[in-house]
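Topology and contacts: notes
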Amino acid sequence: MTPHLVVIGTGYAGLLAALRAARIARGRVAVTLVGASDQLVERVRLHEQAATGRSVAHPIAALIAGTVVRFVHARALEVAPGRLVTDAGVLEFDRAIVCTGGSVDLDLVPGAREHAYAIDGDRMSRLFSEARRVAARGGRLAVCGGGLTGVEIATELAEALPGLRVELVAASEIVPGLSRKAREHARAVLGRLGVAVREGVRVTAVAADHLDSAAGPIGFDLCAWAAGFRAVPLLAGLGLPMAADGRVIVDAYLHARPDLLVAGDAAACAGGGGGWLGAGCKTAMPMAAHAADTAVAELTGGAVHEFRYADPGYCVSLGRRDGIVQFMDGAGPRERIVKGRVAAWIKEQVCRYTMLALKAEQRGLLAYRWQRGPVRPLVAVEAAP
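The model shown is predicted, which means the values in this text are computed figures rather than measured ones.

1. A few points about the overall build of the chain
Counting its regular elements, the chain contains nine helices and 28 strands. Here the C-alpha atoms of the chain give a radius of gyration of 21 Å, agreeing with the 21 Å that 2.2 N^0.38 yields for 385 residues. Principal-axis analysis of the C-alpha atoms gives the chain an extent of 65 × 45 × 35 Å. Only carbon and sulfur atoms are counted for the fraction: they give 51% of the accessible area of the chain, which is about 15900 Å².

2. Description of unusual backbone geometry
In this structure, Val 175 takes a positive phi of about 30° despite not being glycine. You can see Val 175 is positioned in the loop between strand E13 (165–170) and helix H7 (180–192). With relative accessibility at 3%, the residue Val 175 sits in the buried group. Phi angles above zero are rare outside glycine, and Leu 254 is one such case at about 80°. With respect to the helices and strands, the residue Leu 254 is situated in the loop between strand E20 (248–249) and strand E21 (255–257).

3. A few points about the packing of helix H1 (residues 12–25) against helix H8 (residues 281–300)
One way to put it is that H1 packs onto H8 with a least axis distance of 8 Å and a crossing angle of 30°. Remark: the crossing between H1 and H8 carries right-handed chirality. Residues Tyr 12, Ala 13, Leu 16, Ala 17, Arg 20, Ala 21, Ile 24 and Ala 25 of H1 form the contact with H8, whose participating residues are Cys 281, Ala 284, Met 285, Ala 288, Ala 289, Ala 292, Asp 293 and Val 296.

4. Topic: the state of the cysteines
Applying the stated criterion across every chain yields a total of zero disulfides. The closest cysteine sulfur to the non-disulfide-bonded Cys 99 is located on Cys 269, 13 Å from its own sulfur. With no disulfide partner, Cys 144 has as its closest neighbouring cysteine sulfur the one in Cys 223, 3.9 Å distant. Of the residues examined, Cys 144 reaches a relative accessible area of 2% and is grouped as buried.

5. Remarks on empty space enclosed by the protein
Tallied over the entire structure, the rule returns one cavity of 30 Å³ or more. Put simply, the largest cavity is a space of about 30 Å³. Arg 247, Gly 264, Asp 265, Ala 267, Leu 277, Gly 278, Ala 279, Thr 283 and Met 287 together form the lining of the largest cavity. When grouped by side-chain class, the residues that make up the lining of the largest cavity number four nonpolar, three polar and two charged.

6. A few points about the environment of Glu 92
You can see Glu 92 is positioned in strand E8 (residues 89–92). For Glu 92, a relative accessible area of 59% corresponds to the exposed category. Here the alpha-carbon distance between Glu 92 and Pro 233, two residues 141 residues apart in the chain, equals 21 Å. Those residues within four positions of Glu 92 in sequence are excluded, and the remaining contacts are His 4, Val 6, Gly 82 and Arg 83.

7. Some points on the sheet that holds strand E15 (residues 203–206)
Spatially, three strands are ordered E15-E16-E17 in an open sheet, and the strand pairing comes out antiparallel. With partners counted over all chains shown, the strands left at the sheet margins are E15 and strand E17 (218–219), one partner each. Here three bridges tie E15 to strand E16 (residues 210–213), and the two strands are oriented antiparallel to one another. Along E16, the bridge assignment pairs Val 206 with Leu 211.

8. Overview of the packing of aromatic side chains
Inspection of the entire model under this criterion finds one aromatic pair. Here Lys 282 stacks its cationic end above the ring of Tyr 314, 3.3 Å away from the centre of that ring.

9. Points about the pairing of strand E9 (residues 95–98)
On E9, burial covers both faces: Arg 95 and Ile 97 on one face and Ala 96 and Val 98 on the other are all buried. As defined by bridge partners, strand E1 (residues 4–8) adjoins E9 across four bridges and the pair is classed as parallel. Each residue of the ladder has a partner; that of Leu 5, found in E9, is Arg 95. Across three bridges, the pairing between E9 and strand E22 (residues 260–262) is parallel. Looking at E22, one finds that Ile 97 is bridged to Leu 261.

10. A short note on the pattern of salt bridges
For the structure shown, the criterion picks out 26 salt bridges. The salt bridge partner of Glu 156 is Arg 320, with a shortest N-O separation of 2.8 Å. Pair noted here: Glu 156 is in helix H6 (residues 148–160) and Arg 320 is in the loop between strand E24 (313–317) and strand E25 (323–329), with a separation of 164 residues, a long-range link. Exposure remark for Arg 320: the relative accessible area of 37% places this residue in the partly exposed category. Within the structure, one salt-bridge network assembled from shared partners comprises Glu 42, Arg 45, Glu 48, Glu 156, Arg 320, Glu 348 and Arg 352.

The rules we used
Residues numbered from 1 in each chain as written. Predicted model: local features only at pLDDT ≥ 70, side-chain atom pairs only at ≥ 80, totals over all residues. Heavy atoms only, no water. Helix = DSSP H or I, 4+ residues; strand = E, 2+ residues; numbered from the N terminus. Rg over C-alpha atoms; globule rule 2.2 N^0.38 Å. Areas by Shrake-Rupley, 256 points an atom, 1.4 Å probe, with all protein chains shown as cover. Buried < 20%, exposed > 50% of the residue type's maximum accessible area, 1.4 Å probe, protein only. Axes fitted to C-alpha atoms, helices over the stretch in contact; angles between N-to-C directions. Left-handed = near helix turned anticlockwise from the far one by under 90°. Contact = heavy atoms within 4.5 Å. Disulfide = S-S within 2.5 Å. 1 Å grid on protein atoms, 1.4 Å probe; cavity = no way out; pocket = protein on both sides within 12 Å on 5 of 7 lines; lining within 4 Å. Points joined across faces, edges and corners; volume = space filled by probe spheres on them. Nonpolar A, V, L, I, M, F, W, Y, C, P; charged D, E, K, R; others polar. Pairing = 2+ DSSP bridges. Phe/Tyr/Trp six-rings, centres within 6.5 Å; stacked < 30°, edge-to-face > 60°. Lys NZ or Arg CZ within 6 Å of the ring centre and 35° of its normal. Salt bridge = Lys/Arg side-chain N within 4 Å of Asp/Glu carboxyl O.

Structure representation (structure tokens):
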């Protein structure tokens, strides 16, 4: 009987894992992709959707067309040994790859879920229409979270909607994972775009019209939430080791248990410098490719290898005409950066690469190459979360 591989999740990681597994298996493994959504949302472009209202979603049917991947539009409820329970029935499998991802943490402080728009894809169109309405009367937008997502959404909306008064609130310094030069450039661009920046201000609660913080109330007409991260809790309660943010801790081959691999933002994978690899498509897609290779090899008697990853850096957009490319090494961020229009152009090419990688696998081409050293994509730098 042909072994069955089930891939759960229709984000970057899930789609890439399914396409790659189907390509390299060459009919020796049946591949089923399961997802609650029948669309892939380009999360690296969510800030663009918030500023323009243009959809950044693509139909799954079009992305798997011409392949042997079977798509089941259903919500995964439980992953038992050898069985996936969904709201549309039960699927048996020989191997499963979980790529259910995560989102910003709306339960980080009281009131965020009720009064803020999460930067995670499901409310972007409404955020755009609300931001335009608020901008028309010179209203205030509070962006909570000073990481890459928060900075990108603040600069994108400030540039697209000049009448909007944008305030960025960060619990520590902004973009803390980047170098001093990168932070200085980000602050300069935020200032040029008229974004008020509060660093070192921790939000303790979100009300209907203001943030509560140790520095006092911060008023707003609209709030965008880009702080914290939580993995989708599909695998919670199975007795698997979990990281503090809900990600499942995997071994060097990306196994959570013998029949189950986890990739992307759902996986806590040890990084070379200690701690876990960061979330985002730049880690999710190589992990997904490796998980697909491992699953097919195990089901067909091939050799398996440990997953090793070298962080090439970050690309950050600061509106449409500015940005930062941050280079990394084993010790962390380097002071070497690219900034300005050149960086914005590079970020655009990186965003395009995420879709090109999927289409390459769909067409039977190589999207990621494996060396004896760490995995590297076919571009120098991949996109930030």
